[in-house]
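# Fold and geometry: a report
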Amino acid sequence: MSRSSNRMERNRPANVLAGTALHAAARLEQGLELSDLEQDLLEVMRAFVGEEEIAACGQAYRQASPRTAASLFPEQISRLPVETPYTFEDLRQDLPVLAGQILAQPNVSIVDVSTLTPGQAVDSGAAVAAMVEYGGSAVTVLTGPAEEGPSAQSGMIGLALKPVKLKCVRDTNDQWASNDEIYWVSGAGSDLGEQTTYRSAVFTSLKTGQERTFPSDALMFSGGLSESVLINIECWEEDNGDIFDELHKHLWKISQKCADAAVGIIQHGDSSEAALAAVIAVVSALLTWLLGWLSNDDDLVGERSIAISRKAVRHLTNAQGGEVGPDGIDNTTFVWDFASNEGHYQLTARTTPVPFEDRSVYHRTWHPTNGWSPATALPGSKIPLGNPAVGYLNALLYLFHRDTQDVLQYRSYDGKTWSPYTSMGYGINSDLALANIPMGNLYCAYQRHGDFHLLSFTSPTTWRELRTAHKMTNKSGAPALAAVGKILHCVYPTEPGGPLNHVTFTPANSTFSTPLEIPQSGGGRDAALVLMGTVLCCVYRVDGEQAVRFASLMPPYDSWMARGSLSGSITSAPGLVYHTGKETVYSVARAENGRDLQCGTSTTVPWNRFSPVPASVPTSTAPAVQWYGDSVSVFYGR
C-alpha cells in the first residue's frame, strides 16, 4: 500500500473535504449544479489541474466500488448519491459527529501549554509513534488555563510564531544522497483573516544528531486573532525536486480556508478545543490528499496542523519575560516533532506577543430613551477595509464590508447570533451601500472598475447579481443608495471636482434613468441618502471641506434643490436612518478629529446639531446605521 493510501485509510473520518472534492468532480462530470462548498473545493483543484483531469477524477470516483469509497471517506460522503450536493450546512451539521471519531485517533491531541516545561517537546513518545503510523501527519490544539475578566474573553490579540532551530533526530538515509537536504513551508490563518505563508532556505548536509538555526527574521505567523490561529507546517526533502511554486499557491489557499473555518466554528458556538481539532483535521486531510495526488509525497518527512487557541495565547503572553538560556529556550518555546518512515526532525519555535491594533468591526446601540450601549467587538469579525454597510430584510440584519484583500463579504444577524462570513470571491473598488425595498429585496450597490453593480438578496443564501450597463466615471467613488417605493435612487461622484450625479434604477425592468446632476455639488464626495417621509435628502462633503452640505428631492423626484449647509463638521460619510413612527432622522458621523463619533436627531433636516457619543472608541471607518428592534444599531471599524 502506498504512503498516501495508508494515510487516507487511517484518517478516514477526517477525509470529508477530500471526499467532497471528488464528489464535486463527479457531479461536475455529470453536468449537475454544484453547491458553494463544492465550487470552492474545485477551485482549489483548478489551481493545479485542468478541467479534463478533474472530470476524469470525478468519473473514477463515481465508478469506484462502494467498499473502496467507504474505506477512504466517512459515510457522510461515501454513501451520498452523486445527484445530492454536499453543502457548508451539511459540513457544519456533520462535524460534531465526525469530531468524536477524529479525536479518537492517536495522532490528534489537545495540549495545555501551562503543563509544559521550557523547551519540552509537545509530543509524547506515543504521539510521535502515532505520527509515524499515520504517514507522518499530526493534529494538535494548544490550549491554556481559563482566565477571568473581559480582556480574557474578547478583543484582538497579536501573536508571532518564529522558528528558532531544527534538529535531525533520524536522517532519511536517502539512497541518492549521502546527507539530507531539508526545507520547511508553512501556511497560517487566523479567525480575523490574518494570513502568513513561509518557505525556508534549504538546510544542507544534515545527518542524525545535527542542528541548524533559522535566520532571525524567519516568521511562520504574525498578526491578530480573536479566538484562534491555525497553522500547517511541513518538512520536506529537497533532493528529489522542488514543488515550492505549487505549494505556495496551495498553502495560501489553505490558510484562507483555515481562517474561514475558524470563523465558522466560533460563530456556531462550537469554539471548544475539540471543535478546533476537528476543523483543522479535516482541512489537514484535504491538504495531505492533494499532496499525495499532486506531488511525490515520499519527499515529505512530516506535516502537522496546529491550532493555537486564545487561552493558549493569553497564557503565553503572560509568561513572557522568563529567563532565556544560551540555547534560546524559555517558557514560550516549544519543540515539535515531524516524524515518518522517511525520517525524523524536530522544530523548535517560539511564540511572542506582537503589537496589534484592534481593527475589528465594533457595534453599539442607541436607544431613544436609554441612550448608548457600550462598544463591543463583533465575535469573529474580520478586519474591514473601507466603510461597512448595514441593512435589514426579513428580521435579519446584514453587514457588508470589504476584507483586507478588497474582497466583498457579508454576514447576517438573527437577534441572537451572527452567521459566518460569506465571501463573494471578487474584489471591488469602492465602499458600498445598502437599501431595502419595502415588501421586496435588499440591494447592495458598489462599483468595480467603473461599472455600477447591484446585488439583490432575498435571504442570506439567496442572491443574484444584476448586470447593469451604467458607468461611474469616478472609478474610486462610492455610491449612496435609498429606496423610494419600488424604485432605487443612487447618488455617486463623477470625475474629481465634478458634481454628484443621481440616477434611479427600476428592478422590475432593470432600467436606469438618465443621470441627473445635483446643483451646487461640485467636488462632492462621501454622500449619504435618507428618505424623510416623502422627501429624499442627500448629505455630502465637498473636497477640501469638512462642512456638510445637503440637497433635497421631492415628488415627482425629478429636480434637486440645494439646501445649503448643516451645522457641524464630519470627516466621512454619515450614517442616516429615519424612523417613520417617530418621524425623526437619527444621524451618526465621525467627528472633526477623524476618530470620535457624534450623533444628532431632527424632524426637519438630517440633523440640527451634533453631540459627542459618550465613551466613544477610536474609529477607522465611517459608521453604518440601521434600526433593529427598538434601537439604532451602529457599526464601524476600530
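Residues numbered from 1 in each chain as written. Predicted model: local features only at pLDDT ≥ 70, side-chain atom pairs only at ≥ 80, totals over all residues. Heavy atoms only, no water.

Counting secondary structure elements, the protein contains 12 helices and 38 strands. The buried share of the protein, reckoned over its 638 residues, is 56%. For the protein, the proportion of contacts with a sequence separation of at least 24, taken over those separated by at least 6, is 62%. (Helix = DSSP H or I, 4+ residues; strand = E, 2+ residues; numbered from the N terminus. Buried < 20%, exposed > 50% of the residue type's maximum accessible area, 1.4 Å probe, protein only. Contact = heavy atoms within 4.5 Å.)

Turning next to the nonpolar core. Formed by 47 residues in total, the largest nonpolar core has its most connected members in Val16, Leu17, Leu42, Leu91, Ile102, Val282 and Trp289. Mapped onto this core, the elements with two or more residues apiece are α2 (16–29), α3 (36–46), α4 (51–63), α7 (88–103), β2 (137–143) and α11 (273–294). No other element matches α11, which puts 12 residues into this core. Residues within four places of valine 282 in sequence aside, it is in contact with Ala14, Val16, Leu17, Leu95 and Ile102. (Core = buried A, V, L, I, M, F, W, Y, C linked by side-chain atoms within 4.5 Å.)

Moving on to the packing of α2 against α3. The description of two packed helices rests on the angle between their axes and on the distance between the axes. Between α2 and α3, the shortest axis-to-axis distance is 9 Å and the interhelical angle comes to 90°. Judged by the inter-axis angle, α2 sits roughly perpendicular to α3. Only Leu37, Glu38, Leu41, Leu42, Met45 and Arg46 of α3 make contact with α2, whose side of the interface consists of Leu17, Thr20, Ala21, His23, Ala24, Ala25, Arg27 and Leu28. Looking at side-chain class alone, the contact of α2 with α3 contains 9 nonpolar, 2 polar and 3 charged residues. (Axes fitted to C-alpha atoms, helices over the stretch in contact; angles between N-to-C directions. Parallel < 35°, antiparallel > 145°, perpendicular 65-115°, else oblique. Nonpolar A, V, L, I, M, F, W, Y, C, P; charged D, E, K, R; others polar.)

The contact between α2 and α4 brings their axes to 7 Å, and the two run at 105°. As far as their axial angle goes, α4 and α2 are roughly perpendicular. Seen from α2, the contacting residues are Gly19, Leu22, His23, Ala25, Ala26, Leu28 and Glu29; seen from α4, they are Glu51, Ile54, Ala55, Cys57, Gly58, Gln59, Tyr61 and Arg62. Residues that form the contact of α2 with α4 fall into these classes: 8 nonpolar, 4 polar and 3 charged.

On inspection of all chains with the given rule, the structure shows 9 salt bridges. Linking glutamate 133 and arginine 10 is a salt bridge whose minimum nitrogen-to-oxygen distance equals 2.8 Å. Taken as a pair, glutamate 133 in helix α8 (residues 125–133) and arginine 10 in helix α1 (residues 3–10) lie far apart in primary sequence, 123 residues in all. For glutamate 133, a relative accessible area of 37% gives the class partly exposed. Assessed through its relative accessible area of 34%, arginine 10 is described here as partly exposed. Residues arginine 304 and aspartate 123 are paired through a salt bridge, measuring 2.5 Å at the closest nitrogen-oxygen approach. Taken together, the residues span a long stretch of sequence, with arginine 304 in strand β10 (residues 300–309) and aspartate 123 in the loop between β1 (108–112) and α8 at a distance of 181 residues. Classification of arginine 304 by relative accessible area gives buried; the value is 0%. (Salt bridge = Lys/Arg side-chain N within 4 Å of Asp/Glu carboxyl O.)

Attention now moves to the sheet that holds strand β20 (residues 433–436). Taking strand neighbours across the sheet as the criterion, the 4 strands line up as β20-β21-β22-β23 in an open arrangement whose pairing is antiparallel. Single-partner strands in this sheet number two, and they are β20 and β23 (462–466). The sheet shows a mean angle of 25° between the axes of neighbouring strands, taken without regard to direction. Bridge count for strand β22 (residues 451–459) against β23 is 5 bridges, and the pairing is antiparallel. Following the sheet pairing, leucine 454 is matched in β23 by leucine 466. (Pairing = 2+ DSSP bridges.)

The next subject is the sheet that holds strand β30 (residues 535–542). Judged by pairing direction, the sheet is antiparallel, and its 4 strands sit side by side in the order β29-β30-β31-β32 without closing on themselves. Each of the sheet's edge strands pairs with one partner strand only, and the pair in question is β29 (524–532) and β32 (560–569). Here the average twist between neighbouring strands, direction ignored, is 25°. Note: β30 against strand β31 (residues 547–553), 5 bridges, orientation antiparallel. Counterpart to tyrosine 540 in the pairing with β31 is arginine 549.

The next subject is the pairing of strand β17 (residues 396–402). One face of the sheet, then the other: side chains in a regular strand alternate in exactly this way. Burial of β17 is extensive: 7 of the 7 residues sit out of reach of the surface. Taking every second residue as pointing to the same face, both faces of β17 are buried, with Leu396, Tyr398, Phe400 and Arg402 on one and Leu397, Leu399 and His401 on the other.

Quick look at unusual backbone geometry now. Residue proline 556 is reached from proline 555 by a cis peptide bond, and omega for that bond is 5°. One can find proline 556 in the loop between β31 and β32. Of note in the backbone geometry, serine 205 takes a positive phi value of approximately 55° without being a glycine. Within the secondary structure, serine 205 is located in strand β6 (residues 203–206). Of the residues examined, serine 205 reaches a relative accessible area of 40% and is grouped as partly exposed.

This brings us to the confidence of the model for the protein. Interpreting fine coordinate detail is not advised for predicted regions of low pLDDT. Looking at the protein, pLDDT values average 81 and 84% of them are 70 or higher. The secondary structure element of the protein with the lowest average pLDDT is helix α10 (residues 244–267), at 49, and the one with the highest is strand β7 (residues 211–213), at 94. Of the regions scoring below 50 in pLDDT, residues 322–329 engages in 13 contacts with residues more than four places distant in sequence or in other chains. (pLDDT = per-residue confidence, 0-100.)

The next thing to look at is α4. Two residues of an α-helix separated by three or four positions point the same way, owing to the 3.6 residues in each turn. Between its first and last C-alpha atoms α4 spans 18 Å; for 13 residues at 1.5 Å apiece the expected length is 18 Å, and the two agree. Buried within α4 are the following residues: Ile54, Cys57, Gly58 and Tyr61. Buried residues of α4, seen end-on, are gathered within an arc of 100° and therefore sit on one face of the element. Exposed side of α4, more than 90 degrees from the buried face: Glu52 and Gln63 are the residues found there. (Expected span 1.5 Å × (residues − 1). Arc of directions from axis to C-beta.)

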